[in-house]
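Breakdown of the fold
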Amino acid sequence: AIVTTTELCARYTCDVVIGFIPNSEFFRPDSRSDAYAEDILVTSERLGLIFIDGRAVLDTKKDSLEFAAKGPHLSPQGYSKMAEAISKSALQR
């Protein structure tokens, strides 16, 4: 999907920013998450894309206010933090 999006943006003149939103370690622990994030990072670097690592932006622990009260989705606060990180990266281009 990253490669296809990059190809389409080259054709239609748009920029790609890759954002990795990690899983909640409480609601949906997944031992594969870090390896998956690293694979996305390597692909992004190989294609010259900006990569926003949500592991550095979000708190994934049990009592985090950045995930919804129930379930693995982000809360408005979590989405806001990711949006801010993406926005800052886009402004640096």
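1. Quick look at the packing of aromatic side chains
Note on aromatic pairs: each is described by the distance of the centres and the angle between the planes. Throughout the structure, instances matching the rule amount to one aromatic pair. Considering the side-chain rings of Phe 20 and Tyr 36, the 6.1 Å spacing of their centres and the 65° angle between planes classify their relative orientation as edge-to-face. On the criterion of sequence distance, the pair formed by Phe 20 in strand β1 (residues 17–20) and Tyr 36 in helix α2 (residues 33–46) is long-range, its members being 16 residues apart. Using a relative accessible area of 52% as the deciding quantity, one classes Tyr 36 as exposed.

2. Focus: the nonpolar core
Of all hydrophobic cores here, the largest spans nine residues; its members are Ile 2, Cys 9, Val 16, Ile 18, Phe 20, Ala 37, Ile 40, Leu 49 and Phe 51. Not counting the four nearest positions on each side in its chain, Ala 37 is found in contact with Phe 20, Phe 51 and Arg 55. By size, the runner-up hydrophobic cluster in this structure holds seven residues, among which are Ile 52, Phe 67, Leu 74 and Met 82.

3. Describing the pattern of salt bridges
In the structure shown here, the tally under the stated rule is six salt bridges. In this structure, the salt-bridge partner of Arg 32 is Asp 30, at a minimum N-O distance of 2.9 Å. On the basis of relative accessibility, which here comes to 60%, the residue Arg 32 falls in the exposed class. Put simply, Glu 84 and Lys 88 hold a salt bridge, and the shortest N to O gap is 3.2 Å. Separated by four residues within a single helix, Glu 84 and Lys 88 lie in helix α4 (residues 76–91), roughly one turn from each other. Residue Glu 84 is classed as partly exposed on the basis of its relative accessible area of 44%. Take Lys 88: its relative accessible area is 48%, and that puts it in the partly exposed class.

Basis of the calculations
- Residues numbered from 1 in each chain as written.
- Predicted model: local features only at pLDDT ≥ 70, side-chain atom pairs only at ≥ 80, totals over all residues.
- Heavy atoms only, no water.
- Phe/Tyr/Trp six-rings, centres within 6.5 Å; stacked < 30°, edge-to-face > 60°.
- Helix = DSSP H or I, 4+ residues; strand = E, 2+ residues; numbered from the N terminus.
- Buried < 20%, exposed > 50% of the residue type's maximum accessible area, 1.4 Å probe, protein only.
- Core = buried A, V, L, I, M, F, W, Y, C linked by side-chain atoms within 4.5 Å.
- Contact = heavy atoms within 4.5 Å.
- Salt bridge = Lys/Arg side-chain N within 4 Å of Asp/Glu carboxyl O.

Such coordinate-based values are descriptive only and should not be taken to indicate function.
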